[in-house]
Amino acid sequence: MIYSNTLKQRYQNWLALERAIEALPTAKARGNVFEEFTFAYFTLKSQMYQISEVYTSSNIPEKYRKKYKLGNAQHQDSGIDGLIITNEGKTIAYQCKFRSGRIKPTYEELTKFWSDGRYCDYCCTVANSYSVSNLSDKHSENLQILAKDFDSLEDSF
């Protein structure tokens, strides 16, 4: 993966990186950098999360696309931003949501993701907010990595 210049710089902590992402000119640019950060986060935290394989949406192997009915990688917004295969063989579709001011993603913003990831064992919402829609509790297989997880990252991360 080729990372954006924003991620090639050194930051004192997550808050400094978050501010740099917020300063990007468009929502698409902010989203793309946060997706890159999330991929790096899962790669570096693979032992903690027991990850065997992690893919960005455009790099998901065809065998997994077919098996989990994930759709075409060429589609602009396939609903999921990546796929994780755990050491136990469980699958986790993930979706990244970056919002300035840590505004939580709405249920409507997540429904396409949950629909597209429904054949995976879990869906994981990764957001820089403190919570996601209260209606996300309807989905028992929904995991979340949120601002509190990033705020507690060690400075060396």
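Our subject is the structure listed above.
Residues numbered from 1 in each chain as written. Predicted model: local features only at pLDDT ≥ 70, side-chain atom pairs only at ≥ 80, totals over all residues. Heavy atoms only, no water.

1. A word on the sheet that holds strand S3 (residues 91–97)
We count it as follows: Note: two strands are recorded as paired if DSSP finds a minimum of 2 bridges between them. Segments assigned H or I by DSSP are reported as helices when at least four residues long, segments assigned E as strands when at least two residues long, and all are numbered from the N terminus. For helices, the fitted line uses only the C-alpha atoms of the stretch in contact; every axis is such a line through C-alpha atoms, and the angle between N-to-C directions lies from 0 to 180 degrees. By definition, residues are in contact when any of their heavy atoms lie within 4.5 Å.
Taking strand neighbours across the sheet as the criterion, the 5 strands line up as S1-S2-S3-S4-S5 in an open arrangement whose pairing is mixed. On the outer flanks of this sheet lie strand S1 (51–56) and strand S5 (142–145), each paired with one strand and no other. Averaged over neighbouring strand pairs, the angle between their axes works out to 25° when direction is ignored. Running at roughly 140° to S3, helix H3 (residues 27–44) makes contact with S1, strand S2 (82–86), S3, strand S4 (122–127) and S5 of the sheet. Packed onto the sheet, helix H5 (residues 107–116) meets S3, S4 and S5 and runs at close to 145° relative to S4.

2. A few points about the nonpolar core
The test is simple: Among buried residues, those of type Ala, Val, Leu, Ile, Met, Phe, Trp, Tyr and Cys that are joined through side-chain atoms within 4.5 Å constitute a nonpolar core. Partly exposed describes any residue whose relative accessible area lies between the buried limit of under 20% and the exposed limit of over 50%, with all areas from a 1.4 Å probe on protein chains only and scaled to the type maximum.
Residues Phe 34, Phe 37, Phe 42, Tyr 94, Val 126 and Phe 150 are the most contacted members of the largest nonpolar core, which totals 23 residues. Elements represented by at least two residues in this core include exactly helix H2 (14–22), H3, S1, S3 and S4. In contact with Val 126, not counting residues within four places along its chain, are Phe 34, Thr 38, Phe 42, Tyr 94, Gln 95, Cys 96, Lys 97, Ile 145 and Phe 150. Core analysis: the second largest hydrophobic core is formed by 18 residues, Leu 83, Tyr 107, Cys 120 and Ala 127 among them.

3. Let's talk about the pattern of salt bridges
Worth spelling out the cut-off: The salt bridge definition used is simple: a Lys or Arg side-chain nitrogen within 4 Å of an Asp or Glu carboxyl oxygen.
Here the structure, examined in full by the defined rule, presents 8 salt bridges. A salt bridge links Lys 45 to Glu 154; the nearest nitrogen and oxygen atoms lie 3.5 Å apart. Highlighted residues: Lys 45 in the loop between H3 and S1 and Glu 154 in the segment after helix H6 (147–151), separated in sequence by 109 residues. Look at Glu 154 and you get partly exposed, because its relative accessible area is 40%. Note that Lys 112 and Asp 116 form a salt bridge whose closest N and O atoms lie 3.1 Å from each other. Of the two residues, Lys 112 and Asp 116 are both situated in helix H5; the distance of 4 residues between them amounts to about one turn of the helix. On the basis of relative accessibility, which here comes to 38%, the residue Lys 112 falls in the partly exposed class.

4. Observations regarding the environment of Asn 142
Condition: The term polar contact refers here to a pair of N or O atoms within 3.5 Å; inside protein, the definition further demands a hydrogen-donor-capable atom paired with an acceptor-capable atom, and it admits residues adjacent in sequence only when both atoms are side-chain atoms.
Residue placement: Asn 142 occurs in strand S5. Note: C-alpha distance between Asn 142 and Cys 124 (18 residues apart in sequence) is 5.7 Å. One polar contact links Asn 142 to Trp 114, side chain to side chain, over a distance of 3.2 Å.

5. Focus on the packing of aromatic side chains
For clarity, the threshold we go by: Aromatic pairs are defined between Phe, Tyr and Trp rings, using the six-membered ring for Trp, whenever the two ring centres lie within 6.5 Å; interplanar angles under 30 degrees are classed as stacked, those over 60 as edge-to-face, and all others as tilted.
Enumeration according to the criterion identifies 18 aromatic pairs in this entry. For the pair Trp 14 and Phe 150, a centre-to-centre distance of 4.9 Å together with 40° between the ring planes defines the contact as tilted. Taken as a pair, Trp 14 in helix H2 and Phe 150 in helix H6 lie far apart in primary sequence, 136 residues in all. On the basis of relative accessibility, which here comes to 5%, the residue Trp 14 falls in the buried class. Among the residues examined, Phe 150 registers a relative accessible area of 0% and is labelled buried.

6. Topic: unusual backbone geometry
The phi torsion at Lys 69 lies on the positive side, around 50°, for a residue other than glycine. Here Lys 69 lies in the loop between helix H4 (62–67) and S2. At Arg 102, a position not held by glycine, the phi torsion is positive, near 55°. By the secondary structure assignment, Arg 102 is in the loop between S3 and H5. The exposure class assigned to Arg 102 is buried, which follows from its relative accessible area of 14%.

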